[in-house]
Amino acid sequence: ALLLVLLWRPALVVSTVVPRQNVAAVLLDDSASMALETRPRLERVKEVFAPGGPLLARLQDRFQVRLYRFSEAAARIPSVEALSASGKATRLDDALTEVLSELKGLPLGAVVLVSDGADNGSGPPGGRGAERAVLAELKARRVPLHAVGVGREHFDRDLQVNDVVVSANVLAGGIASASVALHQEGYEGK
């Protein structure tokens, strides 16, 4: 039996990232909010992911890099110069789903997600089913997701609408009352 096992030559197969044979998908937020701040966030992203830049060069040493822009939907771009900060929303789960679908048969080694904020897609409030499905697929494929935040974390002056409650039915010409919950920073006493 030992002789048969030795002749069979059992081997341990370990899956690793083979340089330049795996794909890295880099998703770049192209929503209008990327044009905010004194020095626009998009300008910083273009600087970091510029062709020949240090970060992109390091990624290209290990992976076949595919760049994508996303806001309402994801689309492949040749370089960061195609970014315009003209999108009307940031739909993270939709973008990840589209890119994973496009790269289904390819050896995906990593996903890098560059954005300035939270998802403001069209999904129901508190509904996280799509996000869980995308993360479960990444986990099943053993693909790491690297999230990179761009922009300031805190603002001196910030106003946020947390909730709006309005009655479901109002007669034409009638009066409707609304309850609005706000959170503010930097507007004390105003």
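Here goes a summary of the coordinates provided. Being a predicted model, the structure only gives us computed values, none of them experimental.

**Digging into the overall build of the protein**
Thought 1: Per the secondary structure count, the protein includes five helices and seven strands.
Thought 2: Order of helices (α) and strands (β) in the protein, N terminus to C terminus: α-β-α-α-β-β-α-β-α-β-β-β.
Thought 3: Its C-alpha atoms give the protein a radius of gyration of 23 Å, more than 25% over the compact-globule value 16 Å for 190 residues.
Thought 4: With the C-alpha coordinates of the protein rotated into their principal frame, the extents come out at 90 × 40 × 30 Å.
Thought 5: The burial tally for the protein puts 29% of its 190 residues in the buried class.
Thought 6: Excluding contacts between residues fewer than 6 apart, the proportion of contacts in the protein whose partners are at least 24 apart in sequence is 71%.
Thought 7: When the accessible area of the protein is evaluated, it comes to approximately 12700 Å², of which 56% is carbon and sulfur surface.

**Topic: the sheet that holds strand S5 (residues 145–149)**
Thought 1: Strand order in the open sheet formed by five strands is S3-S2-S1-S4-S5, and the pairing between neighbours is mixed. The open sheet is flanked by strand S3 (74–77) and S5, the only strands paired with a single partner. Pairwise comparison of adjacent strand axes, ignoring direction, gives a mean angle of 25° for this sheet.
Thought 2: Seen against the sheet, helix H4 (residues 92–102) touches strand S1 (23–29), strand S2 (64–70), S3, strand S4 (108–115) and S5 and runs at an angle of roughly 145° to S2.

**Thoughts on the pattern of salt bridges**
Thought 1: One pass over the structure, following the stated rule, counts six salt bridges.
Thought 2: In this structure, the salt-bridge partner of Lys104 is Glu137, at a minimum N-O distance of 3.3 Å. With Lys104 in the loop between H4 and S4 and Glu137 in helix H5 (residues 129–140), this pair connects stretches of sequence that are 33 residues apart.
Thought 3: Accessibility expressed as a relative area gives 54% for Lys104, which makes it exposed.
Thought 4: Through salt bridges with shared partners, a single network forms among Arg39, Glu43 and Glu47.

**Some remarks on the nonpolar core**
Thought 1: Core analysis: the largest hydrophobic core is formed by 20 residues, its most contacted members being Val26, Leu28, Val45, Phe49 and Leu67.
Thought 2: If you list the elements that add at least two residues to this core, you get S1, helix H2 (41–48), helix H3 (54–62), S2 and S4.
Thought 3: Among residues more than four places away in sequence, those in contact with Phe49 are Val26, Leu28, Leu55, Leu56, Leu59, Val80 and Val114.
Thought 4: Among the nonpolar cores identified, the runner-up in size contains 18 residues, and Ala25, Leu27, Val99 and Leu138 belong to it.

**Here we look at H4**
Thought 1: Where H4 is concerned, the buried positions are Leu92, Asp93, Ala95, Leu96, Val99 and Leu100. All buried residues of H4 fall inside an arc of 160° around its axis, so they share one side.

**Examining the pairing of S1**
Thought 1: With seven of seven residues buried, S1 lies mostly within the body of the structure.
Thought 2: Residues Val23, Ala25, Leu27 and Asp29 of S1 are buried on one face, and the alternating residues Ala24, Val26 and Leu28, pointing to the opposite face, are buried as well.
Thought 3: The sheet contact formed by S1 and S2 spans seven bridges and is parallel. For Leu27, the partnering residue across the bridge sits in S2 and is Tyr68.
Thought 4: Bridge count for S1 against S4 is six bridges, and the pairing is parallel. Paired with Leu28 across the two strands is Val114, which belongs to S4.

Definitions and limits used
- For every chain, the first residue of its written sequence is number 1, and the numbers climb from 1 along that sequence.
- Reporting of local features is limited, given that this is a predicted model, to residues whose pLDDT is at least 70; pairs of side-chain atoms are given and counted only at 80 or more, and all residues count toward the totals for whole chains, interfaces and linings.
- No hydrogens and no water enter the side-chain calculation; it runs on all heavy atoms of the structure.
- Only runs of H or I of at least four residues qualify as helices and only runs of E of at least two qualify as strands under DSSP, and these elements are numbered from the N terminus.
- To get the radius of gyration, use the C-alpha atoms; to get the globule rule, take the number of residues to the power 0.38 and multiply by 2.2 Å.
- Exposure categories follow from relative accessible area, calculated using a 1.4 Å probe and restricted to protein chains: below 20% of the type maximum is buried, above 50% is exposed, and the middle band is partly exposed.
- The contact criterion used is simple: two residues touch if any of their non-hydrogen atoms lie within 4.5 Å.
- For the accessible areas, the method is Shrake-Rupley and the probe is 1.4 Å, while residue cover comes only from the protein chains on display.
- By this definition, two strands are paired if DSSP reports at least two bridges between them.
- For every element, the axis is a line fit to its C-alpha atoms; helices are fit only across the contacting stretch, and the angle between N-to-C directions ranges from 0 to 180 degrees.
- A pairing counts as a salt bridge when a side-chain nitrogen of Lys or Arg comes within 4 Å of a carboxyl oxygen of Asp or Glu.
- We call a set of buried residues a nonpolar core when its members are Ala, Val, Leu, Ile, Met, Phe, Trp, Tyr or Cys and they connect through side-chain atoms within 4.5 Å of each other.
- When we speak of the arc, we mean the arc of directions from the helix axis to the C-beta atoms.

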